Amino acid sequence: RIEVEASTLEDVREAVEVGAHRILLDNMSNATLAEALKLVPKGFETEASGNMSVDRVRSVAELGVDFISVGALTHSAPCADVS
C-alpha cells in the first residue's frame, strides 16, 4: 500500500493520478481540505494531519476525511510529576 503526503492541491492531483491508496492531507486549512476532498475519487483513503488540534477535529471530520492525526496529543501534552 502506498501513502502519499500532499500539502497542495497539485500534490493531491498527482497522488490520485499515481493511484496512491491513502492521501495524507498535510497542514491544510479547512477550506483547502474541502477543495482537496473534491479531487479525490471514492476508493481512496484520506487523512488530515498537521496543524491539527483537538478543538479542530470535529470541523475537519465534518468535511469527510477518513482519518485525522492529532500530533498535539503527544508532542504538546503536558507532563505530570508522579514521583
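Everything in this summary refers to the structure shown in the same document. All figures in this text were calculated on a predicted structure; none of them were measured in a lab. (Residues numbered from 1 in each chain as written. Predicted model: local features only at pLDDT ≥ 70, side-chain atom pairs only at ≥ 80, totals over all residues. Heavy atoms only, no water.)

Okay, the overall build of the protein chain next. When helices and strands are tallied, the protein chain shows four helices and four strands. Counting from the amino terminus, the protein chain carries its helices and strands in the arrangement β-α-β-α-β-α-β-α. In terms of principal-axis extent, the alpha carbons of the protein chain reach across some 55 × 25 × 20 Å. Per-residue burial for the protein chain yields a buried fraction of 31% across its 83 residues. (Helix = DSSP H or I, 4+ residues; strand = E, 2+ residues; numbered from the N terminus. Buried < 20%, exposed > 50% of the residue type's maximum accessible area, 1.4 Å probe, protein only.)

With that settled, the discussion passes to the pairing of strand 1 (residues 3-6). In the sheet, strand 1 pairs with strand 2 (residues 22-26) via four bridges, with the strands oriented parallel. Within strand 2, the position partnered with E5 by the bridge is L24. On the question of chirality, the crossover connecting strand 1 to the parallel strand 2 by way of helix 1 (residues 9-18) is right-handed. (Pairing = 2+ DSSP bridges. Right-handed = clockwise from strand over helix to strand, strands pointing away.)

In total, this model carries five salt bridges according to the counting rule given. Measuring nitrogen to oxygen at the nearest pair gives 3.5 Å for the salt bridge that ties R13 to E10. With R13 and E10 both in helix 1 and three residues apart, this pair spans about one turn of that helix. According to the relative accessible area criterion, R13 is partly exposed, its value standing at 40%. (Salt bridge = Lys/Arg side-chain N within 4 Å of Asp/Glu carboxyl O.)

Along helix 1, the positions that sit buried rather than exposed are V12, A15 and V16. The buried residues of helix 1 occupy an angular sector of 100° when projected down its axis, which confines them to one face. Seen from the buried face of helix 1, the exposed residues on the opposite side, beyond 90 degrees, are E17 and V18. Against the buried residues of helix 1 lie strand 1, strand 2 and helix 2 (30-39). Note on helix 1: the residue one or two positions beyond its end, G19, has a positive phi of about 80°. (Arc of directions from axis to C-beta. Contact = heavy atoms within 4.5 Å.)

Here we come to the pairing of strand 3 (residues 45-49). Burial of strand 3 is extensive: four of the five residues sit out of reach of the surface. Taken together, the five bridges between strand 2 and strand 3 define a ladder with parallel strand orientation. Counterpart to L25 in the pairing with strand 3 is A48. For the segment spanning strand 2, helix 2 and strand 3, crossover handedness is right-handed.

Such coordinate-based values are descriptive only and should not be taken to indicate function.
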